[in-house]
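Here is what each chain is made of, one letter per residue.
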Amino acid sequence: MRVGLFIPCYVDQFYPQVGIATLELLEKFGCEVVYPPNQTCCGQPMANSGFEHLTQGCNDLFIRNFEEFDYIVSPSGSCVLHIKEHLHGVGERGTTIPKKIYELVEFMTDILRVENLEASFPHRVGIHQSCHGQRGLKLAQMSELMAPGFSKPEKLLKMVRGLELIRLTRADECCGFGGTFCVAEEAVSVKMGKDRVADHLHNGAEYITGADMSCLMHMEGILHRQKSSVQVRHIAEILNSQL
Amino acid sequence: MSGKDHAALADEFNKDEPRVNWHDETLWWVRQKRDKAAYKVPEWEELRETASRIKDNVLSNLSEYLQQFEAAATANGITIHWAADAAEHNAIILSILRRHQVDKMVKSKSMLTEECHLNEFLLAEGIDVVDTDLGERVVQLAGEPPSHIVLPCIHKKKEEIGEIFHEHLGTPKGNADPQFLTHAARLHLREKFLTRRVALTGVNFAVAETGEFVVCTNEGNADMGAHLADVHIACMGIEKIVPLRRHLGVFLRLLTRSATGQPITTYSSHFKKPRPGQEMHVVFVDNGRSAHLGRKDFRNSLKCIRCAACFNTCPVYRRSGGHSYHTAVAGPIGSILAPNLDREKYADLPFASTLCGSCSNVCPVKIDIHEQLYKWRQVIVQGGTAPFAKKAAMKTMNWVLSNPSVYHGAGKAGRWFMLNAPFTVNNGLNPWYKQRDMPGVPKESFGEWYKKNKK
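Keep in mind that this is a model prediction, so the values were computed, not measured. (Residues numbered from 1 in each chain as written. Chains lettered and ligands numbered in written order. Predicted model: local features only at pLDDT ≥ 70, side-chain atom pairs only at ≥ 80, totals over all residues. Heavy atoms only, no water.)

*Asks:* Help me understand the overall build of chain B in this model?
*Replies:* Counting its regular elements, chain B contains 21 helices and 10 strands. Expressed as lengths along the three principal axes of its C-alpha atoms, the size of chain B is roughly 90 × 55 × 45 Å. When burial is assessed residue by residue, chain B has 56% of its 455 residues classed as buried. Look at the contacts in chain B between residues 6 or more apart in sequence, and 73% of them connect residues 24 or more apart. (Helix = DSSP H or I, 4+ residues; strand = E, 2+ residues; numbered from the N terminus. Buried < 20%, exposed > 50% of the residue type's maximum accessible area, 1.4 Å probe, protein only. Contact = heavy atoms within 4.5 Å.)

*Asks:* Looking at this structure, how should I read the overall build of chain A?
*Replies:* For chain A, the count of helices and strands is 13 helices and eight strands. In terms of overall dimensions, chain A is globule-like: its C-alpha atoms have a radius of gyration of 17 Å, near the 18 Å expected for 243 residues. Over its C-alpha atoms, taken along the principal directions, chain A stretches across nearly 50 × 40 × 40 Å. Put simply, chain A has 243 residues, and 67% of those count as buried. In chain A, the share of contacts with a sequence separation of at least 24, taken over all contacts with a separation of at least 6, comes to 76%. (Rg over C-alpha atoms; globule rule 2.2 N^0.38 Å.)

*Asks:* Any chance you could explain the interface of chain A and chain B here in plain terms?
*Replies:* Put simply, an interface is often sized by how much accessible area is lost when its parts join up. Counting from both sides, the interface comprises 72 residues of chain A and, opposite them, 74 residues of chain B. Each partner contributes to the roughly 6300 Å² buried at the junction of chain A and chain B, and carbon and sulfur atoms together form 60% of this total. The three residues of chain A that bury the most area against chain B are A:Gln13, A:Met146 and A:Arg225, which together make up 12% of that side's buried surface. Counting every contact that joins chain A to chain B gives nine salt bridges. Where chain A meets chain B, there are 39 residue pairs in polar contact (both at pLDDT 80 or more). Among the elements that take part in the side of chain A that touches chain B, helix α11 (residues 186-202) of chain A stands out by supplying nine residues, more than any other. (Buried area = accessible area lost by both parts, 1.4 Å probe. Salt bridge = Lys/Arg side-chain N within 4 Å of Asp/Glu carboxyl O. Polar contact = N/O pair within 3.5 Å; in protein donor to acceptor, adjacent residues only side chain to side chain.)

*Asks:* Help me out: how do you make sense of empty space enclosed by the protein in this one?
*Replies:* Picture a little ball the size of a water molecule; that probe, rolled over the atoms, points out where space is still empty. Residue and element names in this part refer to chain B. Inspection of every chain in the model, using the stated rule, returns six cavities of 30 Å³ or more. In this structure, the largest cavity occupies an estimated 110 Å³ of space. Lining the largest cavity are 17 residues; nearest its centre among them are Cys314, Pro332, Ser353, Cys359 and Leu373. For the lining of the largest cavity, the secondary structure elements donating two or more residues are α15 (315-318), α16 (331-341), α17 (358-362) and α18 (369-382). The residue inventory of the lining of the largest cavity, partitioned by class, reads 10 nonpolar, seven polar and no charged. (1 Å grid on protein atoms, 1.4 Å probe; cavity = no way out; pocket = protein on both sides within 12 Å on 5 of 7 lines; lining within 4 Å. Points joined across faces, edges and corners; volume = space filled by probe spheres on them. Nonpolar A, V, L, I, M, F, W, Y, C, P; charged D, E, K, R; others polar.)

*Asks:* What is the right way to read the domain arrangement of chain B from this model?
*Replies:* You can read the domains of chain B as domain 1 (1-40 + 308-392), domain 2 (42-123 + 197-306), domain 3 (133-195) and domain 4 (403-453). For domain 1 of chain B and domain 4 of chain B, the distance between their C-alpha centroids amounts to 32 Å. (Domains from an automatic or database assignment.)

*Asks:* For this particular structure, what's the right way to read the pattern of salt bridges?
*Replies:* Any two side chains of opposite charge can pair if their charged atoms end up close together. Taken as a whole, this structure holds 52 salt bridges over all chains when the rule is applied. Within this structure, A:Arg170, A:Glu173, A:Lys191, A:Lys194, A:Asp195, B:Glu17, B:Asp24, B:Arg318 and B:Arg319 form a network of salt bridges that share partners.

*Asks:* Looking at this model, I keep getting lost on helix α8 (residues 134-142) of chain B. Mind explaining?
*Replies:* For an α-helix the count is 3.6 residues per turn, leaving residues at separations of three or four pointing the same way. Residues and elements named next belong to chain B. Taken together, the buried positions of α8 are occupied by Gly135, Glu136, Arg137, Val138, Val139 and Leu141. In this structure, the buried side of α8 is in contact with β2 (104-107), α6 (111-115), β3 (128-131), α9 (158-169) and α10 (178-195). Regarding α8, its N-cap is Asp133, as a side-chain oxygen of that residue lies 3.1 Å from the backbone nitrogen of Gly135 further along. In the stretch just after α8, Gly143 is the one whose phi turns positive, near 70°.

*Asks:* In this structure, what is going on with the nonpolar core? I would like to understand it.
*Replies:* Nonpolar side chains tend to gather and get buried jointly when the protein is soluble and globular. Counting residues in each nonpolar core, the largest one holds 100 residues, and the members touching the most others are B:Phe205, B:Phe213, B:Ile241, B:Val282, B:Phe311 and B:Ile333. Broken down by element, the residue count for this core peaks at seven residues, all from helix α12 (residues 248-259) of chain B. Those residues in contact with B:Phe311 that sit more than four places away from it in its chain are B:Ser147, B:His148, B:Ile149, B:Tyr317, B:Arg318, B:Val329, B:Ala330, B:Gly331, B:Pro332 and B:Ile333. In this structure, A:Ile63, A:Ile72, A:Val114 and A:Met159 belong to the second largest nonpolar core, which totals 75 residues. (Core = buried A, V, L, I, M, F, W, Y, C linked by side-chain atoms within 4.5 Å.)

*Asks:* Sorry, what's going on with the environment of B:Lys412 here?
*Replies:* For B:Lys412, the position within the fold is in helix α20 (residues 404-420). Separated by 32 residues in the primary sequence, B:Lys412 and B:Glu444 have C-alpha atoms spaced 8.1 Å apart. Among all residues touching B:Lys412, those that are not within four sequence positions of it are A:Gln13 and B:Glu448.

*Asks:* I tried to follow the pairing of strand β4 (residues 198-201) of chain B on my own but got confused; where do I start?
*Replies:* Moving residue by residue along a regular strand, the side chains alternate between the two faces of the sheet. Residue and element names in this part refer to chain B. With burial as the criterion, each face of β4 is covered, one bearing Val198 and Leu200 and the other bearing Ala199 and Thr201. As paired strands, β2 and β4 are joined by two bridges and run parallel to one another. The residue bridging Lys107 from the neighbouring strand is Leu200, located in β4. (Pairing = 2+ DSSP bridges.)

*Asks:* Would you take a moment to explain the packing of helix α2 (residues 16-28) of chain A against helix α21 (residues 446-454) of chain B for this structure?
*Replies:* To describe two helices that pack against each other, one gives the angle between their axes and the distance between the axes. Their axes nearest at 8 Å, the elements α2(A) and α21(B) cross at an angle of 45°. Overall, the two elements α2(A) and α21(B) adopt an arrangement that is oblique. Counting all contacts with α2(A), which are made through A:Pro16, A:Gly19, A:Ile20, A:Leu23 and A:Glu27, the residues of α21(B) involved are B:Phe446, B:Trp449, B:Tyr450 and B:Lys454. Across the contact of α2(A) with α21(B), the residue classes tally to six nonpolar, one polar and two charged. (Axes fitted to C-alpha atoms, helices over the stretch in contact; angles between N-to-C directions. Parallel < 35°, antiparallel > 145°, perpendicular 65-115°, else oblique.)

*Asks:* Looking at this structure, I do not really get the side chain of B:Glu115. What am I missing?
*Replies:* Mapped onto the secondary structure, B:Glu115 falls in helix α6. Not counting the four nearest positions on each side in its chain, B:Glu115 is found in contact with B:Asn287, B:Arg289, B:Ala328 and B:Leu341.

*Asks:* Can you walk me through the packing of helix α19 (residues 388-402) of chain B against α20(B) in this structure?
*Replies:* Residues and elements named next belong to chain B. Two elements in contact, α19 and α20, have axes separated by 5 Å at closest approach and are oriented at 110°. Classified by the interaxial angle, the pair formed by α19 and α20 is roughly perpendicular. Here Trp399, Val400, Leu401 and Ser402 of α19 come into contact with α20, specifically with Pro404, Val406, Tyr407 and Ala410. Of the residues contributing to the contact of α19 with α20, the split by class is seven nonpolar, one polar and no charged.

*Asks:* So what exactly am I meant to see when it comes to the side chain of A:His82 here?
*Replies:* Tracing the backbone through its elements, the reader meets A:His82 in helix α5 (residues 77-86). The exposure class of A:His82 is buried, given its relative accessible area of 5%. Here A:His82 is in contact with A:Cys42, A:Gly43, A:Gln44, A:Ala47, A:Leu87 and B:Tyr374, once residues within four sequence places are set aside.

*Asks:* Would you mind going over the sheet that holds strand β7 (residues 231-237) of chain B with me for this structure?
*Replies:* Sheets are built from strands that pair by backbone hydrogen bonding, the pairs being arranged parallel or antiparallel. All names here are of chain B. If you walk across this open sheet you meet the six strands as β1-β10-β7-β4-β2-β3, and the pairing is parallel. Only two strands of the sheet have a single neighbouring strand rather than two, namely β1 (79-83) and β3. Across the sheet, the mean angle from the axis of one strand to that of its neighbour is 25°, orientation sign disregarded. Pairing between β1 and strand β10 (residues 279-285): five bridges, direction parallel. Paired with Thr79 across the strands is His281, a residue of β10. Set on the sheet, helix α4 (residues 62-75) makes contact with β1 and β10; between it and β1 the angle comes to about 150°. Docked against the sheet, α8 engages β2 and β3, running at close to 135° with respect to β3.

*Asks:* What should I look at first to understand the sheet that holds strand β8 (residues 241-242) of chain B in this one?
*Replies:* Residue and element names in this part refer to chain B. Spatial strand order, β8-β5-β6-β9: four strands in an open sheet with mixed pairing. At either margin of the open sheet sits one strand with a lone partner, and together these are β8 and β9 (267-271). Of the pairings in the sheet, the one linking strand β6 (residues 212-217) to β9 comprises five bridges and is antiparallel in character. Looking at the pairing, Val214 lines up with His270 of β9.

Following this line, the structure appears as structure tokens:
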């Protein structure tokens, strides 16, 4: 299967190691992975700020870059959700992109049906359930609903040798990143981030992981400012960690 | 917009971090109580779906149900009034009071009268209004609006309430014992109940089939007011109607579990006809609701039953406080209702959210709150209410991200600056940097790495 690798703009610029881990993971499971070099952004930062009408350029570019693939995979639940829900061109241009784009974790559990991993990460790890991945893409059950529990990221992390998952006091509260919210509502955004980080620290995490680097970038900024030794790792990096 | 926006007010609220922690934990505790109560109802999700569908039906046939209610209630001896907006609503109340030559009134909780600013209006007309819900009385004495639609004084600590009672009710200074203060309020309110001839209540549900209405309280203050007064006025938004009495079996099960985690309010009082010698009035208020009903993307926010579950779960509400929303109904639901009333004044509210989606998940009538927040953002920006600097930034961002070569150049240049001249971003002008460090800067982007290693 031919997989188009979609690396969100800020991951491309600030966290290339996450892109590399995603690429290597997909190749390990036999995917033929291609990174279209002219990709930029899904348009979400503008759209969530109320400027969806300006995103036609990003939108068209995205379709040009990714239409040809069997699947499109990205290490970001938030960007994938944006494409699924807000890509223009589904009706008039007949693009099937929203149906074949997957966030990395759900692609591994639902399409590749991964049951075993050769990975090792002997640390105590807390999962940050990013809202768009969880409540938007349904990567895990939501604490508000009275329904049976499941967690796709947890399922994969349990296959990693030596990894010990910690439990959080508030399982799925938002970290407060929220795109441009992080600067427009700086005070609340930071307070939410501090509280999320504190929950992980209080419950003994050495690492905080998740399927969205944006939330992790926000929490990393807070951890660094607090001079904490706790680090963030994108889930792709942990799943791709060597024995 | 004039006055401070949500971000500025939230910034002030966050100057006292221990207080933010206290506010957050108090409301999170209510969210947890809701979870526990809902968990005990195996058909919870089915109930939500049922409630949502009943309300769909109501919104699609609203005029018929209202007329059905009017006919039934009139036959029962209730007088029906129709108010197109807040001013008409207030004028109707005043005319009833004037007709009875009354200048004092008790009022139980009604967010609609907050929306219409009834208290201020009546005060200016020389009418004394006493809010009889304990929390509402506290904020009324403090001269503040409620910060929460179910828990109006949730932003006040018991010591502060002790101070307010000391000043207004003469309780001993420094006494902050909740039981003692409640007793003092009880004595103070009892006198009001006994001496007022007109009582105003809100309405939780109005049944079209029977012309009766239901008022839910925990303190019994609506009943005390209505039963002792010669005139009972009940005010309701036109969306509060339910078709059949048996539908109450759905809504009453959802309302209080969602609101406070109780199975049901202490009092769910049904009012159907005035007792002999009493007058009973129902005031139907539109105040923008019909216009809202015509907005396809936003109409289903009119399903709201005012439980405030979305407030309690909202991580932004818990950490910014109700007053930061500068509107009668705060929180996520308020943020999608308020722009309907005044798009310019409340242009900031749809942006006071991370779009985390927890609100939509707790909503007992399944309003797609976070999706409507997103849609309001588009409407507000296209309506021209976005600040100029934001527009310019968005246009630049769009230009960069629509042109791969510009994007690659800008990314490289940006990383070069961060690496070689970190002071260009690590400074007071960058709101990210104020309380957070910037991410580390890699030597090459993923795109650059890929070109070298994979092609």
